[in-house]
Number of protein chains: 2
Amino acid sequence: MGKYNLDVIFVYGGEEPNMHRTYLMNGADAGGWVIKKRGAEPVAIVSPMEIDNAGKSGHKIYTPFDFDAGEIRQRHKSDLPAFEREYMAAVFDKLGLSGRIGFYGTADVTRVAWLIHEVFPNLPNVEVVYDFQAGELFQDAYETKDPDEIIKLKLAARLSAEVVTATRDFISQHHADADGNVVDANGQPLTIGAVKRFIRLQNLERGLENAHGMIFAQGRDAGIPHSEGEDDQTLKTGQSIVFDFYPRMAENGYYHDMTRTWSIGYATPEVQATYDQVMGAFNIVADSVKVGDDGSLYQGRVNDYFESQGHKTSRSHPGSMDGYNHGLGHGLGLNVHEAPHMSNYTRGGALAAGNVFTIEPGLYYPDKGYGVRVEDTVYFDQNGVLHHLTDFPYDLILPLKG
Amino acid sequence: MGKYNLDVIFVYGGEEPNMHRTYLMNGADAGGWVIKKRGAEPVAIVSPMEIDNAGKSGHKIYTPFDFDAGEIRQRHKSDLPAFEREYMAAVFDKLGLSGRIGFYGTADVTRVAWLIHEVFPNLPNVEVVYDFQAGELFQDAYETKDPDEIIKLKLAARLSAEVVTATRDFISQHHADADGNVVDANGQPLTIGAVKRFIRLQNLERGLENAHGMIFAQGRDAGIPHSEGEDDQTLKTGQSIVFDFYPRMAENGYYHDMTRTWSIGYATPEVQATYDQVMGAFNIVADSVKVGDDGSLYQGRVNDYFESQGHKTSRSHPGSMDGYNHGLGHGLGLNVHEAPHMSNYTRGGALAAGNVFTIEPGLYYPDKGYGVRVEDTVYFDQNGVLHHLTDFPYDLILPLKG
């Protein structure tokens, strides 16, 4: 808070997921607001119904009735704007909130706009901070993990690798028919939908959640980085399949993120060559990335490498659907995407001990019917040494044993 | 849009879930912005990676590169605020956005505050609307369902009842030990965590997701309306259990919401009497609720009824943890909570044909170790006739057959 010269952090929100709130609440998941004055512990304001959930944070918990919400509401009845103005003023008054206030969270845009424009300007001795940079405050906090967090992230990595292993083994028990369709012992085709159901069951058994879905995309779809794949598509031999898996642990909210590209039975020479180039880029980064450098340096090296092989990149051809068209990596922890970012432009701040981030180069040719991406989550330990959290083989070919 | 005199609806957001965006995108789930000019179809701006997902909306899809994002970024490099200002101006200019603009969505609060304060005031011929009421625009749209939506909601109801049936039957296969613990054939205690795992598996088999979790709370926890229950707690006979189940269908995003209170083996006279009173309140509403009335009328009737029996309510004792301390019901559809609301104060607008909403009275006594709630989702058909979507018996006693 000192860096951004803030006197108060106010995390606002309703029942939507709200990562900054969850973070300040030590993982407790309760709708409401969290307020932290500089040098003091956070406090929360939640509905009486949420007291139990919020209490798990260890913080002092208020309800709206500690700020006379019932009496104020009675006075204004259905005039909700009048209620909200007076209630917000009561909260600021009773908690002694004044000075430079940073306003954070995930919330309804219209409500936030109304508060900013109609309510906060009328609160006494309050300066709401509209500095773009102050928005980075929570990212600064997320960016560096302590050893306890690394232990949780290691568990997320191990459970994720178990699911990917089980998925690979499940597919490999099938065989191919004369047309290259992957089928079971009864000749029934294996669809992407069936594979995803299998994966969800594996997750369930390990306490993993797919809060942001998953990507299991074949052929042309694998060539669109965020295409999640079509459930009714049958798996086929000799097609690139991008399996991007980013579950989180239900127990503590920490994510893992890994991607493998598979080609069932065999790979076409074109997919194999593209795969080798992606692994080349992956190894360039994994073998050289070090603390003190800006993440954008490595995005630049991967751009150099792919461009030297004749591929378009988002640097040489912004907006291109072909070639290498995304960032090299991102931090993760309680968010699936957070600082540090390895992209074309720096956001300030070098890579540091305690950073946990992905390395995920890829090459995409949707019109040619394929795409390739390989991704590990890695971290720098307290001595700045790089370790891979993801532990799963890089093989392209997924052999059928069925 | 006419009601609020808006020329443009701008739904802003990032990768967070964003219900207004999903609604305008016809269910397509893609990060980005959706913009609708009055009298025109919505258009979306998404990253090139999201084109496939966004295209499922049927709308025209732009990427940032259609607004020269690459060139603007190149010019400003790491000066992100400068980039965002110029990029937003380019979007407004090229799409011809002007006049009264309603700003909607779910997004990062700090970013929204910055846009409102630093960017929008500088856009030419733009008046951002800060009217509190304009925030209700999407609620107006959600509030009335058409027959196609009712068909989806009926399916969600049927699948939910299947899961609750399976859960009841699963529990009933156990037996009680000498201390009243519910145990399996090997004497192993049945925990809430095990029941929730069973429920998640049932969901998975039916394509249901627990986007907002579930409540399976026993004893004192059942007396805290939003307590989700403790995983390591063993089920016991003669304790009230509140099972509040609000899954959504993965396929189309529609929710169901139902609650049953169970007491395994037998009920104490106190819990049975409280249960009878809750069912009394439930029946008062279910037997009388009709189109044209304001939802707050029925909250008032339930307050009257419970108060006449000596219970505190949120009307007589705002902020009380005991008695009846929440709203009688809420609309649901693509949101688990939406208009209409049946609470102490009206939000304007009477109940109408096509409304889908819950009826969920409850009585809570955490210090006495119990709570009771019963909830059905109901709807008014096009003729204003009430139907229950929830179809599951109201029995309090869950007998053990094990």
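Computed from a predicted model, the values in this text were never measured in an experiment. (Residues numbered from 1 in each chain as written. Chains lettered and ligands numbered in written order. Predicted model: local features only at pLDDT ≥ 70, side-chain atom pairs only at ≥ 80, totals over all residues. Heavy atoms only, no water.)

### Details of the overall build of chain A
- Looking only at helices and strands, chain A has 10 helices and 21 strands in total.
- C-alpha atoms of chain A, sized along the principal axes, occupy 75 × 50 × 35 Å.
- Buried positions account for 57% of the 402 residues belonging to chain A.
- Taking as baseline every contact in chain A between residues at least 6 positions apart, the subset at least 24 positions apart corresponds to 66%.
- Put simply, chain A shows about 15400 Å² of open surface, and 49% of that area lies on carbon and sulfur atoms. (Helix = DSSP H or I, 4+ residues; strand = E, 2+ residues; numbered from the N terminus. Buried < 20%, exposed > 50% of the residue type's maximum accessible area, 1.4 Å probe, protein only. Contact = heavy atoms within 4.5 Å. Areas by Shrake-Rupley, 256 points an atom, 1.4 Å probe, with all protein chains shown as cover.)

### Considerations on helix 8 (residues 192–206) of chain B
- Taking 1.5 Å of rise per residue, the 15 residues of helix 8 of chain B would be expected to cover 21 Å, and the 21 Å separating its terminal C-alpha atoms lies within 8% of that figure.
- The set of residues buried in helix 8 of chain B consists of B:Ile192, B:Gly193, B:Val195, B:Lys196, B:Phe198, B:Ile199, B:Gln202, B:Asn203 and B:Leu204.
- On its buried face, helix 8 of chain B is in contact with helix 8 (192–206) of chain A together with helix 7 (147–172), strand 9 (208–209), strand 10 (215–218) and strand 11 (240–245) of chain B. (Expected span 1.5 Å × (residues − 1).)

### What about the relation of the copies chain A and chain B?
- The two copies are related by a screw operation: chain A maps onto chain B through 180° of rotation and 0.0 Å of translation along the axis, at an RMSD of 0.0 Å. Given the turn and translation reported, the copies of this chain are related as if by a two-fold rotation axis. Judged by C-alpha distance, A:Ala107 is the residue of chain A that lies nearest the rotation axis, at 2.9 Å.
- Interface overlap between copies: 100% of the residues of chain A at the interface are likewise at the interface in chain B, consistent with a symmetric, same-surface contact. (Least-squares fit on C-alpha atoms with pLDDT ≥ 70 in both.)

### A look at the sheet that holds strand 21 (residues 397–398) of chain B
Residues and elements named next belong to chain B.
- Spatially, the 4 strands line up as an open sheet ordered 10-11-13-21, and their pairing is mixed. At either end of the open sheet lies a strand with only one pairing partner, and these are strand 10 and strand 21.
- Where strand 13 (residues 258–264) meets strand 21, 2 bridges bridge the pair, whose relative direction is parallel. The residue of strand 21 that forms the bridge with serine 263 is isoleucine 397.
- Strands in contact with helix 7 are strand 10, strand 11, strand 13 and strand 21; relative to strand 13, the strand with the most contacts, it is inclined by about 10°. (Pairing = 2+ DSSP bridges. Axes fitted to C-alpha atoms, helices over the stretch in contact; angles between N-to-C directions.)

### Observations concerning the environment of B:Leu137
All names here are of chain B.
- One can find leucine 137 in helix 6 (residues 137–143).
- Leucine 137 sits in the buried class, given a relative accessible area of 11%.
- A C-alpha to C-alpha distance of 8.5 Å links leucine 137 and lysine 3, two positions 134 residues apart in sequence.
- With residues up to four places along the chain from it excluded, the contact list for leucine 137 reads Met1, Tyr4, Leu6, Ile9 and Tyr104.

### Topic: the environment of B:Ile45
All names here are of chain B.
- Position of isoleucine 45 relative to the elements: it lies in strand 3 (residues 43–45).
- Residue isoleucine 45 is classed as buried on the basis of its relative accessible area, which comes to 3%.
- Each residue touching isoleucine 45, except ones within four places of it in the same chain, is listed here: Gly31, Gly32, Trp33, Ile35, Tyr62, Thr63, Pro64, Phe67, Tyr87, Val91 and Leu95.

### Description of the packing of helix 9 (residues 269–288) of chain B against helix 10 (residues 295–308) of chain B
Residues and elements named next belong to chain B.
- Closest axis-to-axis distance for the helix 9/helix 10 pair is 10 Å, and the angle between their directions is 150°. Between helix 9 and helix 10, the angle is such that the two are roughly antiparallel. As for how helix 9 packs across helix 10, the hand of that crossing is right-handed. Between helix 9, through Asp276, Gln277, Val278, Gly280, Ala281, Ile284, Val285 and Ser288, and helix 10, the contact on the second element is made entirely by Tyr298, Arg301, Val302, Tyr305 and Phe306.
- Looking at side-chain class alone, the contact of helix 9 with helix 10 contains 8 nonpolar, 3 polar and 2 charged residues. (Parallel < 35°, antiparallel > 145°, perpendicular 65-115°, else oblique. Left-handed = near helix turned anticlockwise from the far one by under 90°. Nonpolar A, V, L, I, M, F, W, Y, C, P; charged D, E, K, R; others polar.)

### A closer look at the pattern of salt bridges
- Across all of its chains, the model carries 40 salt bridges over all chains by this definition.
- Note that A:Glu127 and A:Arg100 form a salt bridge whose closest N and O atoms lie 3.3 Å from each other. Here A:Arg100 lies in strand 5 (residues 99–108) and A:Glu127 lies in strand 6 (residues 126–128), a separation of 27 residues in the sequence.
- Given the relative accessible area of 42%, A:Glu127 is considered partly exposed.
- With a shortest N-O distance of 3.3 Å, B:Asp169 and B:Arg168 are connected by a salt bridge.
- Among the residues examined, B:Asp169 registers a relative accessible area of 28% and is labelled partly exposed.
- The exposure class assigned to B:Arg168 is partly exposed, which follows from its relative accessible area of 25%.
- One continuous salt-bridge network, built from bridges that share partners, spans A:Asp52, B:Arg220 and B:Asp221. (Salt bridge = Lys/Arg side-chain N within 4 Å of Asp/Glu carboxyl O.)

### Structural notes on the side chain of A:Asn303
- Looking at where A:Asn303 falls in the secondary structure, it is placed in helix 10 (residues 295–308).
- A:Asn303 gets classed as buried once you look at its relative accessible area, which sits at 1%.

### What to know about the sheet that holds strand 13 (residues 258–264) of chain A
All names here are of chain A.
- Taken in spatial order, the 4 strands of this open sheet run 10-11-13-21, and their pairing is mixed. One side of each edge strand has no neighbouring strand; the edge strands of this open sheet are strand 10 (215–218) and strand 21 (397–398).
- Both strand 11 (residues 240–245) and strand 13 contribute to a ladder of 6 bridges, which runs antiparallel. Of the residues in strand 13, the one forming a bridge with valine 242 is threonine 261.
- Running at roughly 10° to strand 13, helix 7 (residues 147–172) makes contact with strand 10, strand 11, strand 13 and strand 21 of the sheet.

### What to know about the interface of chain A and chain B
- Contacts between the two partners involve 61 residues from chain A and, on the opposite side, 61 residues from chain B.
- Note on chain A versus chain B: buried area summed over both sides is about 5500 Å², and carbon and sulfur give 64% of it.
- For the chain A face of the interface with chain B, the top three residues by lost area are A:Met49, A:Phe132 and A:Tyr345, together amounting to 15%.
- For the pair chain A and chain B, the number of links is 4 salt bridges.
- Residue A:Asp52 is joined to B:Arg220 by a salt bridge in which the shortest nitrogen-to-oxygen separation is 2.9 Å.
- In this structure, the connection of chain A to chain B is made through 13 residue pairs in polar contact (both at pLDDT 80 or more).
- If one sorts the elements of the side of chain A that touches chain B by residue count, helix 5 (residues 109–119) of chain A sits on top with 9 residues.
- Here the side of chain A that touches chain B is built from residues that sort into 25 nonpolar, 18 polar and 18 charged. (Buried area = accessible area lost by both parts, 1.4 Å probe. Polar contact = N/O pair within 3.5 Å; in protein donor to acceptor, adjacent residues only side chain to side chain.)

### Some remarks on the confidence of the model for chain A
- With 100% of its residues at a pLDDT of 70 or more, chain A has an overall mean of 94.
- As scored by the predictor, the complex reaches a pTM of 0.92 and an ipTM of 0.92. (pLDDT = per-residue confidence, 0-100.)

### Section: helix 5 of chain A
Residues and elements named next belong to chain A.
- Counting buried positions along helix 5 gives 8 out of 11 residues, so the element sits mostly inside the fold.
- Buried within helix 5 are the following residues: Val109, Thr110, Val112, Ala113, Trp114, Leu115, Ile116 and Val119.
- Two or three places before threonine 110, at the start of helix 5, stands the capping residue aspartate 108, its side-chain oxygen 3.3 Å from that residue's backbone nitrogen.

### Overview of unusual backbone geometry
Residue and element names in this part refer to chain A.
- Cis geometry is found at the peptide bond from alanine 339 to proline 340, where omega equals 0°.
- Non-glycine residue asparagine 5 carries a positive phi angle of around 55°.
- Under the relative-accessibility criterion, asparagine 5 is labelled partly exposed at 42%.
- A positive phi angle, close to 60°, is found at aspartate 68, a residue other than glycine.
- The class for aspartate 68 is partly exposed, based on a relative accessible area of 35%.

### Regarding the packing of aromatic side chains
Residues and elements named next belong to chain A.
- Enumeration over the complete set of coordinates arrives at 51 aromatic pairs over all chains.
- Plain terms: the ring middles of phenylalanine 10 and phenylalanine 103 are 5.7 Å apart, the flat faces sit at 70° to each other, and that makes the pair edge-to-face. Here the residue phenylalanine 10 occupies a position in strand 1 (residues 8–12), and phenylalanine 103 occupies one in strand 5, the gap between them amounting to 93 residues. The same class applies to phenylalanine 10 and to phenylalanine 103, which are both buried.
- Both rings, one in phenylalanine 138 and one in tyrosine 142, keep their centres 6.2 Å apart while their planes meet at 40°; by these two values the pair is tilted. (Phe/Tyr/Trp six-rings, centres within 6.5 Å; stacked < 30°, edge-to-face > 60°.)

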